[in-house]
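Results of the structural survey
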Amino acid sequence: MQIVIEKNLKVPMRDGVELATDVYHPDTREPTPVLVQRLPYNKELTSLVNFSLDIQRAVRAGYTVVVQDTRGRFASGGQFNPFFHEAEDGADTIAWVRRQPWSSGRIGMVGGSYFGATQWLAATQAPEGLLALAPYVTAADYHEGWAYQGGAFELGFNLHWTLLFLALGELQRRLGAGQATLEDLGALIQAVDQNDALFWRLPLTDMPPLEGLAPYYFDWLAHPDEDDYWRRIAPKEHYANITAPALNIGGWYDLFLGGTLANYRGMKERGGSPTARQHQRLIVGPWAHGVAGGAFSDRLFGMMAGADAFDLTGVQLRWFDYWLKGLDNGVDRERPVRLFVMGANIWREEDDWPLPDTRFTPYYLHSGGRANSAAGDGVLSTEPPGDEPEDVYLYDPRNPVPTVGGPTFLPGLFVGANAGPRDQRAVEARADVLCYTTAPLERPVEVTGPVALVLYAASSALDTDFTGKLVDVAPDGRATILTEGILRARYRESPSAPTLLEPGRIYELRLDLWATANVFDVGHRIRLEVSSSNFPRFDRNPNTGGTIAEARADDLVQAVNRVYHDRAHPSHLILPIIDRA
Ligand code: BEZ
């Protein structure tokens, strides 16, 4: 089939700004359904345009595909301010597509990550003709689960994303317009290459490579609380306006997993039409952001784990065939949830998320007061604690616990250089990492669903962080991260109303460790790690109680943090146990 591409059409927005748009036409004179993708990363870059769906295959399947540079990016006009224009610009683009002679008026949207965000934000306007979405590895909110998590700044993601994927494009654009020099470009490339060193730079607001180029980075730092700045642009605040059904696709090691799961549930409960509420779908693979092959250096999930073997493009095209072409292909009769269960290494269909037969089970923390490191005496069991001494560690922000894999977005992104199921033994050798581990399992235990941690904890500081990590320990000692979370203590009561700690007082803290699907095999052990930093994935809490983004290196203080596990303070992990013997 011959694919005709119309390049750089200027699509006018309501304020007159024109967005550069390519249209990939299938070989037909008939109007066709249309798939729209809006991205800020340059529509000329084939690998990014095909990030979630093979565009050529979609065209061969009879779709017209529209790919647009978002406002202020590459060939488009206007100023870029992440998220803030995407609802209106998305709706205006859909309205333009509807009017075109090649369009059947039945439109879907595709794309992952930021271009998943452009789907949700367009959908908040319920533009006529937008009948289905396929958001891939994207969030529900650009505060919780994007710029921040549990109140901590997602330093690794925010800085690397802004430097490499946003600021560099802006500088290239200025260079083209004669507003920047090759020296400026050289300096920025050097900053990208020194990204690891920049993570250590304090105060966070002092980030020269981004000054003047990415003002929004400083806006994010200026809005640590969940406030109106964030609420305005959060899809989760607008579910009631969204009428399109969505095929939500995520990864167990994706940094937006929490939002992917929240979108599925939130739209089921609060979506703006019966169709949207009844036809949410969820797919989660053993993938990290930009790494969807199902193979990581420390763990292989088998032949069928990759997005290609799963045929992610085919699955999405089937979805759109149903909603946009009206084919009776059974999509409406399928079970709504498809999960890859790690350990068992199989795909499984389910009736809902969380799984209806989940047995949420408390696993209590125990020790004789020396749970520091994997060599300590920490135990995890379903027995509630008796009278046990607390565990104590020193959190020193000058020597934070390093990020080793997990749901990250760090340099080396596309090869998962520091992402996914990495071995935690180096981290677990540290005295500031408490480890609580079950006895070797006598039968396989499946943990599939949301994971939460309830900690009874105290700090010597006015504010500090607590982290939790769920780990699968193999008989040979390999300790593979499954999922993790963080809570900045000042946000323990509310993400929008920070309250400092009273030093020494014991608080009940609830950490959202997101979710996993994993079978712990016979002989394996379930481990919980507790600590107070995970750097550079998250910024370091300086423990001062002051404005964190403005803390200088000299301001950092150590905190003595305590985790209690006794009758009155039964700290516990809540695991979603699935019994399918
Ligand atoms: C993102 O929006 O996070 C993204 C997606 C693909 C490549 C790089 C970044």
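It should be noted that the structure appears before, not after, this text.
Residues numbered from 1 in each chain as written. Predicted model: local features only at pLDDT ≥ 70, side-chain atom pairs only at ≥ 80, totals over all residues. Heavy atoms only, no water.

1. Quick look at the overall build of the protein chain
Heads up, the condition is: Elements are defined by DSSP. Helices are runs of H or I of four residues or more, strands are runs of E of two residues or more, and each kind is numbered from the N terminus. For the radius of gyration, the atom set is restricted to C-alpha positions; the globular benchmark scales as 2.2 Å times the number of residues to the power 0.38. Each residue is placed in one exposure class: buried if its accessible area under a 1.4 Å probe, protein chains only, is under 20% of its type's maximum, exposed if it is over 50%, and partly exposed if it falls in between.
Looking only at helices and strands, the protein chain has 14 helices and 24 strands in total. Relative to its length of 581 residues, the protein chain is compact, with a C-alpha radius of gyration of 24 Å against a globular reference of 25 Å. Along the first, second and third principal axes, the C-alpha set of the protein chain runs to 75 × 60 × 40 Å. Per-residue burial over the protein chain gives 62% buried out of 581 residues.

2. Quick notes on the environment of Val67
What counts is decided by this rule: Whether two residues touch is decided by their heavy atoms; if any such pair falls within 4.5 Å, the residues are in contact.
You can see Val67 is positioned in strand β4 (residues 64-69). Owing to a relative accessible area of 0%, Val67 belongs among the buried residues under this scheme. In sequence terms Val67 and Val4 are 63 residues apart; their C-alpha atoms lie 13 Å from each other. Once residues lying within four places of it in the same chain are set aside, the contact partners of Val67 are Ala20, Thr21, Asp22, Tyr24, Gln37, Leu39, Lys43 and Val49.

3. Here's the deal with the packing of aromatic side chains
For any pair of aromatic rings, the description consists of the separation of the ring centres together with the inter-plane angle of the planes. Applicable threshold: Stacked, edge-to-face and tilted labels apply to pairs of Phe, Tyr and Trp rings (six-membered ring for Trp) whose centres lie within 6.5 Å, assigned for plane angles under 30 degrees, over 60, and everything in between, in that order. Our definition puts a charge over a ring when NZ of Lys or CZ of Arg is within 6 Å of the ring centre and also within 35 degrees of the ring normal.
One pass over the structure, following the stated rule, counts 40 aromatic pairs. Consider the rings of Trp161 and Trp220, whose centres lie 5.7 Å apart with planes at 10 degrees: the pair is stacked. One end of the pair, Trp161, is in helix α5 (residues 155-176); the other, Trp220, is in helix α8 (residues 215-222), and 59 residues separate them in sequence. Residue Trp161 shares its accessibility class with Trp220, and that shared class is buried. Over the ring of Phe535 we find Arg540; its NZ or CZ atom is 4.9 Å from the centre of that ring.

4. Examining the environment of Ala431
Of note, Ala431 is situated in the loop between α14 (425-428) and β16 (434-437). Look at Ala431 and you get exposed, because its relative accessible area is 52%. Taking the C-alpha atoms as reference points, Ala431 and Ser459, separated by 28 residues in sequence, lie 16 Å from one another. Excluding residues that lie within four positions of it along the chain, Ala431 makes contacts with Asn372 and Tyr393.

5. Concerning the site of the ligand
The criterion, for reference: One heavy atom within 4 Å of a molecule or strand is enough for the residue carrying it to be called near that molecule or strand. Two N or O atoms form a polar contact when they lie within 3.5 Å of each other; inside protein one atom must be a possible hydrogen donor and the other a possible acceptor, and for residues adjacent in sequence the pair counts only when both atoms belong to side chains. Note that accessible areas follow from Shrake-Rupley with a 1.4 Å probe, and for residues the cover is restricted to the protein chains shown. Throughout this entry, Asp, Glu, Lys and Arg are counted as charged residues, while Ala, Val, Leu, Ile, Met, Phe, Trp, Tyr, Cys and Pro are counted as nonpolar. The remaining residues, Gly among them, count as polar.
The ligand sits among Tyr41, Leu48, Phe51, Ser113, Tyr114, Trp161, Phe165, His289, Phe409 and Phe414. Within the side chain of Ser113, one N or O atom sits 2.4 Å away from an oxygen atom of the ligand. Here an oxygen atom of the ligand and a side-chain polar atom of His289 are 3.3 Å apart. For the ligand, whose free accessible area comes to 260 Å², the fraction covered by protein is 100%. Here the shell around the ligand is composed, by residue class, of 8 nonpolar, 2 polar and no charged.

6. Some thoughts on the nonpolar core
For the record, the criterion: Here, nonpolar core means buried Ala, Val, Leu, Ile, Met, Phe, Trp, Tyr and Cys residues that are tied together by side-chain atoms lying within 4.5 Å of each other.
Leu35, Trp161 and Tyr217 are the most contacted members of the largest nonpolar core, which has 85 residues in total. Among the elements that line this core, the one with the most residues is α5, at 10 residues. Discounting chain neighbours no more than four positions away, the residues touching Tyr217 are Phe153, Leu155, Asn158, Leu159, Thr162, Leu204, Met207 and Leu210. Counting residues in each nonpolar core, the second largest holds 59 residues, with Leu339, Leu365, Ala517 and Ile578 among its members.

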